[in-house]
Amino acid sequence: MTFRVRRQQSRAEPGDLHDILARSRAMMRRPSSILVPLLLAGMAALAGCGEEKPAGKAKPETNHAAPEKRAQAPLGKGFDFYVLSLSWSPTWCADNDAGGRTQQCRRGENNGFIVHGLWPQNERGYPEYCPTRESDRVPESLGRTVLDIIPSMGLVGHEWRKHGSCSGLSQKDYFATVRAAFERIRIPAEAGRGGRRLSPDTVESAFIAANPGLDPKGIAVTCEDGRLEEVRVCMTADLAFRTCPAVDRAACRAQSIEQPPIR
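The sections below set out a description of the structure shown in this document. Because the structure is predicted, anything quoted here is derived from the model rather than measured.

In this section: the pattern of salt bridges. Scanning the model with the defined rule gives 8 salt bridges in all. Between Asp97 and Arg101 there is a salt bridge; the shortest N-O distance is 3.9 Å. Its relative accessible area of 67% is what places Arg101 among the exposed residues.

On to the nonpolar core. Core analysis: the biggest nonpolar cluster contains 42 residues, and Ile150, Phe175, Phe207 and Met235 have the highest contact counts within it. Elements represented by at least two residues in this core include exactly strand E1 (81–88), strand E2 (113–121), helix H5 (153–162), helix H6 (171–184), helix H7 (200–210), strand E4 (219–224) and strand E5 (227–235). Looking at this core element by element, the count peaks at 6 residues for H6. Beyond its immediate stretch of four places on either side in the chain, Ile150 contacts Val115, Leu155, Val156, Phe175 and Val178.

Each turn of an α-helix holds 3.6 residues, which means side chains three or four residues apart point in the same direction. Along H7, the residues that are buried comprise Pro200, Val203, Glu204, Ala206 and Phe207. Taken down its axis, H7 places every buried residue within 160 degrees of arc, on the same side. Those residues of H7 that are exposed and angled more than 90 degrees off the buried face are Asp201 and Ala209.

For the pair H5 and H6, the least separation of the axes is 11 Å and the interaxial angle reads 110 degrees. Of the possible angle classes, the one that applies to H5 and H6 is roughly perpendicular. Between H5 and H6, the residues in contact are Val156, Glu159 and Trp160 and Gln171, Tyr174 and Phe175, respectively. When its residues are assigned to classes, the contact of H5 with H6 shows 4 nonpolar, 1 polar and 1 charged.

Although it is not a glycine, Asp225 sits at a positive phi angle of roughly 55 degrees. By the element assignment, Asp225 lies in the loop between E4 and E5. With a phi close to 70 degrees, Leu239 is a non-glycine residue in the positive phi region. Secondary-structure assignment places Leu239 in the loop between E5 and helix H8 (245–249).

Here the focus is the side chain of Ser89. Its location among the elements puts Ser89 in helix H3 (residues 89–96). Residue class for Ser89 comes out buried when judged on its relative accessible area of 1%. Those residues in contact with Ser89 that sit more than four places away from it in its chain are Gln104, Asn111, Gly112 and Ile114.

So, about the state of the cysteines. Within the structure shown, the criterion is met by 4 disulfides. Here Cys130 engages in a disulfide with Cys166; their sulfurs sit 2.0 Å apart. Across the S-S bond of Cys130 and Cys166 the torsion is about 100 degrees, and the bridge reads as right-handed. Here Cys166 lies in the loop between H5 and H6 and Cys130 lies in the loop between E2 and helix H4 (140–143), a separation of 36 residues in the sequence. Residue Cys130 is classed as partly exposed on the basis of its relative accessible area of 23%. A relative accessible area of 5% means that Cys166 is categorised as buried. Put simply, Cys234 and Cys244 are joined by a disulfide, and their sulfur atoms are 1.8 Å apart. Handedness here is read from the sign of the S-S torsion; for Cys234 and Cys244, about 85 degrees, the answer is right-handed. Note that Cys234 is positioned in strand E5 and Cys244 in the loop between E5 and H8, a separation of 10 residues in sequence. Across the pair, Cys244 and Cys234 agree in class, each one buried.

Let us look at empty space enclosed by the protein. Within this structure, the stated rule accounts for 1 cavity of 30 Å³ or more. Estimated volume of the largest cavity: approximately 40 Å³. Along its surface, the largest cavity is lined by Ser89, Pro90, Cys93, Gln104, Cys105, Arg106, Asn110, Asn111 and Arg263. Here the residues of the lining of the largest cavity sort into 3 nonpolar, 4 polar and 2 charged.

A few words now on the pairing of E1. Among the 8 residues of E1, 8 are classified as buried, and the element is accordingly described as predominantly covered. As paired strands, E1 and E2 are joined by 8 bridges and run antiparallel to one another. Bridge pairing in E2 places Val83 opposite Trp119. Sheet topology places E1 next to E5; 6 bridges connect them, and they run antiparallel. Within E5, the residue paired with Leu84 across the bridge is Val233.

Parameters and conventions
- Residues numbered from 1 in each chain as written.
- Predicted model: local features only at pLDDT ≥ 70, side-chain atom pairs only at ≥ 80, totals over all residues.
- Heavy atoms only, no water.
- Salt bridge = Lys/Arg side-chain N within 4 Å of Asp/Glu carboxyl O.
- Buried < 20%, exposed > 50% of the residue type's maximum accessible area, 1.4 Å probe, protein only.
- Core = buried A, V, L, I, M, F, W, Y, C linked by side-chain atoms within 4.5 Å.
- Helix = DSSP H or I, 4+ residues; strand = E, 2+ residues; numbered from the N terminus.
- Contact = heavy atoms within 4.5 Å.
- Arc of directions from axis to C-beta.
- Axes fitted to C-alpha atoms, helices over the stretch in contact; angles between N-to-C directions.
- Parallel < 35°, antiparallel > 145°, perpendicular 65-115°, else oblique.
- Nonpolar A, V, L, I, M, F, W, Y, C, P; charged D, E, K, R; others polar.
- Disulfide = S-S within 2.5 Å.
- 1 Å grid on protein atoms, 1.4 Å probe; cavity = no way out; pocket = protein on both sides within 12 Å on 5 of 7 lines; lining within 4 Å.
- Points joined across faces, edges and corners; volume = space filled by probe spheres on them.
- Pairing = 2+ DSSP bridges.

Now the structure itself:
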């Protein structure tokens, strides 16, 4: 989400047209020696306004706004920072649903990096399953609003109960923040293809290059059984990038890992 600054249009305002018409009427009472030239000038001004193209809808822009220009997400409390966990879906599906029975793993869904979760984190440890006045169950009507980035109602509910309940936010605001955090990240094309071997450093470097301000100590690439598992990015409560040494230390140390292809 971005704020766009529109350039001021040079088109005439409605008040300008009314002024021109009033001056033209006043000229009708003046001597004929000056009437014609002034009437012609007024007509030319009206014609010019008629030819001015209306502003219309702004042309869609590519989202290249700096982080500080983005719309603010609801502000959570009771923790030190967030970890946005982006799961490489083909790895999870290979281990848990190779037959493609679920929506996340169904062939043709083309799921690459999806949101595993947005986790409230402390400098030491993290809270989980916090008491809240909100229901444990996420209504289907709300869950469906994030299925494009968390393609499993089961995962939506799990993430709310384990992590969202510790955000200090309502369900609605938590999932609005999840989406804002996901949109805060640009997923580099070279890291989203799959079907190859690469180093964790290659994945990390691609994300850093695509996201100005992202520090090498604020991102961790994890692996499991020699395959790309997740990319974890640390953010403040207002979704600015920040460092997180404990998360960074848990990164994959393998020299080469497999990135399974998208189904």
